[in-house]
Structures are given as C-alpha cells and as structure tokens.
Amino acid sequence: MSKKALVNWAIWIGVVSGIYCILYILTVGKYTMDVVLPGWHIMCCTFTALPIYFTAGAKREDYVSYLCSNCCGVLWGMLYLVAIDRLIGVVPLWLNLFLSVGIICIIECALHFTVLGNLPISVVPAQFGAISSSFWCSNLTLAVLGEAGKTAVNGGYNFAAFGMLAVTLCCGATLALLCNEGLNFIDAETGNWKLPGSGK
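What you see as residue numbers is a count from 1 along each chain, following the sequence as written. Where local features are concerned, this predicted model is filtered to residues with pLDDT of at least 70; where side-chain atom pairs are given and counted, the filter is 80 or more; whole-chain, interface and lining totals use all residues. With hydrogens and water stripped out, all remaining heavy atoms of the structure feed into the side-chain values.

Caption draft 1: Spotlight on the overall build of the chain. Strands here mean DSSP runs of E at least two residues long; helices mean DSSP runs of H or I at least four residues long; both are numbered from the N terminus. Secondary structure assignment for the chain yields seven helices and zero strands. Counting from the amino terminus, the chain carries its helices and strands in the arrangement α-α-α-α-α-α-α. In terms of overall dimensions, the chain has a C-alpha envelope of 65 × 40 × 25 Å along the principal axes. Relative accessibility under 20% of the residue-type maximum defines a buried residue, over 50% an exposed one, and the middle range a partly exposed one, all with a 1.4 Å probe and only protein chains included. Burial statistics for the chain: of 200 residues in total, 40% are counted as buried.

Shown next as structure tokens:
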C-alpha cells in the first residue's frame, strides 16, 4: 500500500472515529450519563474492543463472532467478579486473585478453545478485552453510585452499567469494521479515493 493510501486511510479512520464519538455521546453516552451512571459515560470501552478486532483484520465474516465474544466476555467478567467478591476477607488479596482469576481463566480458555471453539463466542482475545473492561467498569460504578450490587456479599462489584458496557464493546467492534471498510474507498497503489468496485 502506498504512503498516500495510508494517509488517506488515516483520514478515513479519524473522520469515522470522530463521527462515532459524536453519535455515541448523543445516544448511548447520554443514556448512560442520564440514567445509569449520573454524569459519567463509558465510551472508552469502545477503544478496548476496537483494537482487538482491528488488529485481527476486522474481517466482515468475523464481525458477529466479535460481537458475541464481547458479550460473552462481559458474562465471564461478571463471574470473575463474583468469585473475587466471595473470597474477600477469606484469603489474602494475592491468593484471592490467584485462585479466582487462575481457575476461571483455565475453565474459560479450555471451554472456548475446545468444546465451544466452533461457536461465535470463541474469540478469546475479545473476551479478555471485555473482562478487563468489566473490572474497571464495576469499580467506576461502585465509585459513582457509592454502593455495591445487591448480590455482592462483600461489596466487591456493581453490575448496574454492564448492559451499557456490552453495548459499548459491540459499538467498538462496529467502529473497527467501519475503519477497515475504508480500504474499499482507497486505491492501494495510487492512494486515490475511489468508489468500491469501480477500480477508479
């Protein structure tokens, strides 16, 4: 790909990402700030999901698998947090995390590498990105709302924003796909803009 093509692709990525930010803040972000986490949104989760899919090539045929794996990762994140919460005060934190994260990670990876490997929930890197976002989203929610979720025995989590977390991660995968689709509008050799399929 020519340098001009790369520059034009960078322009595409920047413009599409900027438009995304506007749309997110006016829709998902507004709802999150007004209803779920007063004064706060979680748009940054977008930029966890985006690079994971983007660096894998953001292929159209993988899109649904990334969406499903992001949502599956949120569910795994909830399981990690529940396990960590249950062990708070029972064992030292280092042992808590070793046991909770270590055991659940083994189960998660083994399942998705083997038995569930052919299902659209098998993109483990997307799951890990969602799990990471789940950890800090729970902490942010605890800080903003000032209370743990009703099922948290030791006050270790709050899942109030997790619906919006899943939506935002899926939006991030969508943005990655849109960024990659920009290549259809750029001639790789000349770097000139073109209509898809026109060759011009």
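Caption draft 2: Region of interest: the environment of Asn96. Considering the arrangement of structural elements, one finds Asn96 in helix H5 (residues 93-113). C-alpha separation for the pair Asn96 and Ala176, spaced 80 residues apart in sequence, amounts to 35 Å.

Caption draft 3: Highlighting unusual backbone geometry. The phi dihedral of Ala58 is positive, around 45°, even though this residue is not glycine. Relative to the elements of secondary structure, Ala58 occurs in the loop between helix H3 (46-55) and helix H4 (63-87).

Caption draft 4: Expanded view of the environment of Ala166. Tracing the chain through its elements places Ala166 in helix H7 (residues 162-181). Relative accessible area serves as the criterion here: at 16%, Ala166 is assigned to the buried category. Taking the C-alpha atoms as reference points, Ala166 and Leu37, 129 residues apart in sequence, are found 15 Å from one another. Whether two residues are in contact is decided by their heavy atoms, any of which lying within 4.5 Å being enough. Excluding its chain neighbours within four sequence positions, the residues that come into contact with Ala166 are Cys71 and Val74.

Caption draft 5: Highlighting a nonpolar patch on the surface. A contiguous nonpolar surface patch, about 570 Å² in accessible area, is contributed by Val7, Ile11, Val15, Ile19, Leu23 and Trp193. If you trace the backbone, Ile11 turns up in helix H1 (residues 3-26). Patches here are clusters of residues that have more than 30% relative accessible area and form no salt bridge, with a 9 Å joining cutoff for like charges and a 5 Å cutoff for nonpolar side chains (Val, Leu, Ile, Met, Phe, Trp, Tyr). For the accessible areas, the method is Shrake-Rupley and the probe is 1.4 Å, while residue cover comes only from the protein chains on display. A side-chain nitrogen of Lys or Arg and a carboxyl oxygen of Asp or Glu constitute a salt bridge if their distance falls within 4 Å.

Caption draft 6: The arrangement of the nonpolar core in detail. In this structure, Ile42, Tyr53, Val74, Phe162, Leu165 and Leu169 are the most contacted members of the largest nonpolar core, which totals 37 residues. Elements with a minimum of two residues in this core: H1, helix H2 (28-36), H3, H4, helix H6 (124-145) and H7. Per element, the largest residue contribution to this core is 11 residues, and it comes from H7. Residues contacting Phe162, with those up to four places away along its chain left out, are Val74, Met78, Leu81, Ser134, Cys137 and Ser138. Think of a nonpolar core as a cluster: buried Ala, Val, Leu, Ile, Met, Phe, Trp, Tyr and Cys residues, connected wherever their side-chain atoms sit within 4.5 Å.

Caption draft 7: Main features of the pattern of salt bridges. Scanning all chains against the criterion turns up three salt bridges. Among the ionic pairs, Arg60 bridges to Glu181, the shortest N-O distance being 2.6 Å. Of this pair, Arg60 sits in the loop between H3 and H4 while Glu181 sits in helix H7, placing them 121 residues apart in sequence. A residue is classified by how much of its surface remains accessible, and Arg60, at 55% relative accessible area, is exposed. Notably, a salt bridge pairs Asp85 with Arg86, separated by 2.9 Å at the nearest N-O pair. Classification of Asp85 as buried rests on a relative accessible area of 0%.

Caption draft 8: Spotlight on the side chain of Thr32. As for its placement among the helices and strands, Thr32 is situated in helix H2. There is a polar contact of 2.8 Å between the side chain of Thr32 and the backbone oxygen of Val28. Ignoring anything within four residues of it in the chain, the contact list for Thr32 reads Leu37, Pro38, Trp40, His41 and Met164. We call two N or O atoms a polar contact when they sit within 3.5 Å, provided that within protein one can donate a hydrogen and the other can accept it, with sequence-adjacent residues counted only if both atoms are side-chain atoms.

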